[in-house]
Amino acid sequence: MGDFGRISVHNALGGGPVADILLWRNYYGGGAVLIGSTILWFLFEKGGYNIIAFIANNLLLLVVILFLWAKSASLLNRPLPPIPELDISEETVLIAADEMQVWVNHVFSLAHAIAVDGNLKALMLVVSSLWLISYIGSFFNFLTLIYIGVLVSLSVPFLYDMFQSQVDGKLIVVHKILHPVLRKADIVFKMIPSVQYKQKKNQ
């Protein structure tokens, strides 16, 4: 494809501080995420710690320290704990709601295509995806899957950004091989009549 067809991975990931961490442009942030997730995974998976008890004990310790700090500060005329005002803006809530709306609507559209339209292609896509998730999840527990997801997120975008032209070349070859097969499968799916439920008019 060459440099003309090269896309910006940084822009594709949002172009913000998260993209800087995933692409290791912020070395301190990426290292902190990697080290922190590794320590947490080791503590909970190998060390046998309970995640709920760990969070509760740390919050308990933090609350006691802040309380004693505030009391000692008032007695010794010292500054209070530097805790910022925690307030979620309405704009942040609206942005999160918009993102959730896109995903929920996509799930509803798939459910409608399968249950109402009888779309066999959508059914096969959902079944194969859920089966793959179930198959992979049978080898690991939930915490290990999250840790693997963190490792993949910190490695795949970075490696793709470095070797994008080589990877795109391989993907083009794979696409040329799979394209005729996918076209034939699409023709077969279109030949299967879909179920259409027509609403009866109430007279």
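A quick note: this is a predicted structure, and the numbers were derived from the prediction, not measured. (Residues numbered from 1 in each chain as written. Predicted model: local features only at pLDDT ≥ 70, side-chain atom pairs only at ≥ 80, totals over all residues. Heavy atoms only, no water.)

Attention now moves to the overall build of the chain. Scanning the chain from terminus to terminus reveals eight helices and zero strands. Of the regular secondary structure in the chain, the N- to C-terminal order runs α-α-α-α-α-α-α-α. Split into buried and exposed, the 203 residues of the chain put 11% on the buried side. Summed over its atoms, the accessible surface of the chain is roughly 16900 Å², and 70% of this surface lies on carbon and sulfur atoms. (Helix = DSSP H or I, 4+ residues; strand = E, 2+ residues; numbered from the N terminus. Buried < 20%, exposed > 50% of the residue type's maximum accessible area, 1.4 Å probe, protein only. Areas by Shrake-Rupley, 256 points an atom, 1.4 Å probe, with all protein chains shown as cover.)

What follows is about the confidence of the model for the chain. On average, residues of the chain score 80 in pLDDT, and 89% of them are at 70 or above. Contacts for the low-pLDDT stretch residues 195–203, under 50 throughout, to residues beyond four places or in other chains number seven contacts. (pLDDT = per-residue confidence, 0-100. Contact = heavy atoms within 4.5 Å.)

Right, let's talk about the packing of helix 3 (residues 27–46) against helix 7 (residues 142–162) for a bit. Contact geometry for helix 3 and helix 7: axes closest at 10 Å, N-to-C directions at 160°. When the axis of helix 3 is compared with that of helix 7, the two are roughly antiparallel. Considering only the axes of helix 3 and helix 7, their crossing is left-handed. Residues Gly30, Val33, Leu34, Ser37, Thr38, Trp41, Phe44 and Glu45 of helix 3 form the contact with helix 7, whose participating residues are Leu143, Thr144, Tyr147, Val150, Leu151 and Leu154. Here the residues of the contact of helix 3 with helix 7 are counted per class, giving nine nonpolar, four polar and one charged. (Axes fitted to C-alpha atoms, helices over the stretch in contact; angles between N-to-C directions. Parallel < 35°, antiparallel > 145°, perpendicular 65-115°, else oblique. Left-handed = near helix turned anticlockwise from the far one by under 90°. Nonpolar A, V, L, I, M, F, W, Y, C, P; charged D, E, K, R; others polar.)

Per the UniProt entry, the sites bearing "transmembrane region" (unreviewed entry) are residues 27–44, 51–70 and 132–160 in this numbering. End C-alpha to end C-alpha, residues 27–44 measures 26 Å, and it is 100% helix and 0% strand. End-to-end, the C-alpha atoms of residues 132–160 are 23 Å apart, and along that stretch the chain is 86% helix and 0% strand. (UniProt positions renumbered as here; feature names shortened; annotations may be inferred.)

Enumeration over the complete set of coordinates arrives at four aromatic pairs. Between Trp41 and Tyr147 the ring centres are 5.1 Å apart and the planes differ by 10°, which places this aromatic pair in the stacked class. Of this pair, Trp41 sits in helix 3 while Tyr147 sits in helix 7; the two residues are 106 residues apart in sequence, bridging distant segments of the chain. The class of Tyr147 is buried, set by a relative accessible area of 13%. For the ring pair Phe44 and Phe54, a centre distance of 5.1 Å and an interplane angle of 80° mean the geometry is edge-to-face. Highlighted residues: Phe44 in helix 3 and Phe54 in helix 4 (residues 51–76), separated in sequence by ten residues. Residue Phe44 is classed as buried on the basis of its relative accessible area, which comes to 12%. In this structure an aromatic cluster arises from ring pairing among Trp131, Tyr135 and Phe139. (Phe/Tyr/Trp six-rings, centres within 6.5 Å; stacked < 30°, edge-to-face > 60°.)

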